[in-house]
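# Fold and geometry: a report
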2 protein chains.
Amino acid sequence: MRIGELAQASGTPIETIRFYEREGLLPAAARTEGKYRIYAPQHANRLAFIRQCRSLDMTLDEVRVLLRFKDQPLADCGEVNCLLDEHISHVAERIQALRALEKELRALRSACPVPHTAADCGILQGIDHAGAKPAAASKRHVRGAH
Amino acid sequence: MRIGELAQASGTPIETIRFYEREGLLPAAARTEGKYRIYAPQHANRLAFIRQCRSLDMTLDEVRVLLRFKDQPLADCGEVNCLLDEHISHVAERIQALRALEKELRALRSACPVPHTAADCGILQGIDHAGAKPAAASKRHVRGAH
DNA sequence: TGAAAACCCTGAAGTGGGTATAGAGTCAAG
DNA sequence: CTTGACTCTATACCCACTTCAGGGTTTTCA
């Protein structure tokens, strides 16, 4: 199958497939005389695995680790379990952080129930007088709100 | 005060302060003969506001909007309220998405309670056989898990 | 006084995980 | 034989910084 077909079948943009190849996540495809990439079913399987991992919000580095294990069927999968445990922790931490953030934002929002002038806006004043929280400072594994 | 002092006082890396100046979030500072930036207390206040917004996980574009209102004290602050409402929505949505993700990850984790070989690992098999979810596909305002 | 240390400058490139573009080549149908 | 759909490579862009290279300035201390 050609790249467009694979893209269609997997729900992955063509550019993303080429990007995964460049990144070494997908092995280089065979080529036709005209340099078109030709994919076998194994490629489709591997791509589906990668996309599934990404839909679970794993980084490409984490995906690389899992792919390495898939390629070494006799290896002990303890590291896979660890990776997943850590990923779950990161997600749980991020949820906690976002919950705290939501609370803070709702408190801030309540400071201006009805629009006034900017000078009197309880939100703008609230941001000014809030003590700096270390919320966004730490390096995080799980992305923020955007 | 010089840039290092402002960095210390605000808990902001020096490079980030220069970056905010380049981005137009902070007005250009006065300079000494030797081209060192010199900051007045207003700069410190403005920087604190920006950092507070960032700790609330707002984008720099959102911060720009809020700063515009701070600079126009007579404007109606309705847009500020809107911006905050939308930001809160984004955060709430992200929390929901991450909760679903956590659940999925925990289910996956339970498929391999004790380490085996990679070939028998319930996690690797689970990723293979899971139907593709649209989780990571949508454009999001609030970051994921990393 | 002079040298070392601490501070600061600019400009460019890198991060992650793609997305978008330009400009060209390839292939199938009519 | 031409049109249009498909594909190719290479490059730039997104965000919010961070890091680096290669200098210049100011302070401190012997």
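Up top is the structure.
Computed from a prediction, not measured in an experiment: that's the story for all the values here.

Turning next to the interface of chain A and chain B. Listed as interface residues are 65 residues of chain A and, on the opposing side, 65 residues of chain B. Here chain A packs against chain B, burying approximately 5,600 Å² in sum over the two surfaces, 65% of which is carbon and sulfur. For the pair chain A and chain B, the number of links is six salt bridges. The shortest N-O distance in the salt bridge between Asp57 of chain B and Arg94 of chain A comes to 2.9 Å. For the pair chain A and chain B, the interface holds 16 residue pairs in polar contact (both at pLDDT 80 or more).

A word on the relation of the copies chain A and chain B. Mapping chain A onto chain B calls for a screw motion: a turn of 180° about the axis and a shift of 0.0 Å along it, with 0.2 Å RMSD after fitting. The superposition operator between the copies reduces to a two-fold rotation axis. The position closest to the rotation axis in chain A is occupied by the C-alpha of Arg143 of chain A, lying 1.8 Å away. Most of the interface of chain A is mirrored in chain B, where 100% of its interface residues are also at the interface.

Another point: the packing of aromatic side chains. Ring pairs (aromatic) are described by centroid distance and by the angle formed between their planes. All names here are of chain A. Per the counting criterion, the structure on display carries two aromatic pairs over all chains. Both rings, one in Phe19 and one in Tyr20, keep their centres 5.9 Å apart while their planes meet at 50°; by these two values the pair is tilted. Owing to a relative accessible area of 30%, Phe19 belongs among the partly exposed residues under this scheme. On the accessibility criterion, Tyr20 (3% relative accessible area) is buried.

Each value, and the rule that gives it
- Residues numbered from 1 in each chain as written.
- Chains lettered and ligands numbered in written order.
- Predicted model: local features only at pLDDT ≥ 70, side-chain atom pairs only at ≥ 80, totals over all residues.
- Heavy atoms only, no water.
- Contact = heavy atoms within 4.5 Å.
- Buried area = accessible area lost by both parts, 1.4 Å probe.
- Salt bridge = Lys/Arg side-chain N within 4 Å of Asp/Glu carboxyl O.
- Polar contact = N/O pair within 3.5 Å; in protein donor to acceptor, adjacent residues only side chain to side chain.
- Least-squares fit on C-alpha atoms with pLDDT ≥ 70 in both.
- Phe/Tyr/Trp six-rings, centres within 6.5 Å; stacked < 30°, edge-to-face > 60°.
- Buried < 20%, exposed > 50% of the residue type's maximum accessible area, 1.4 Å probe, protein only.

The analysis is restricted to geometry; functional conclusions fall outside its scope.
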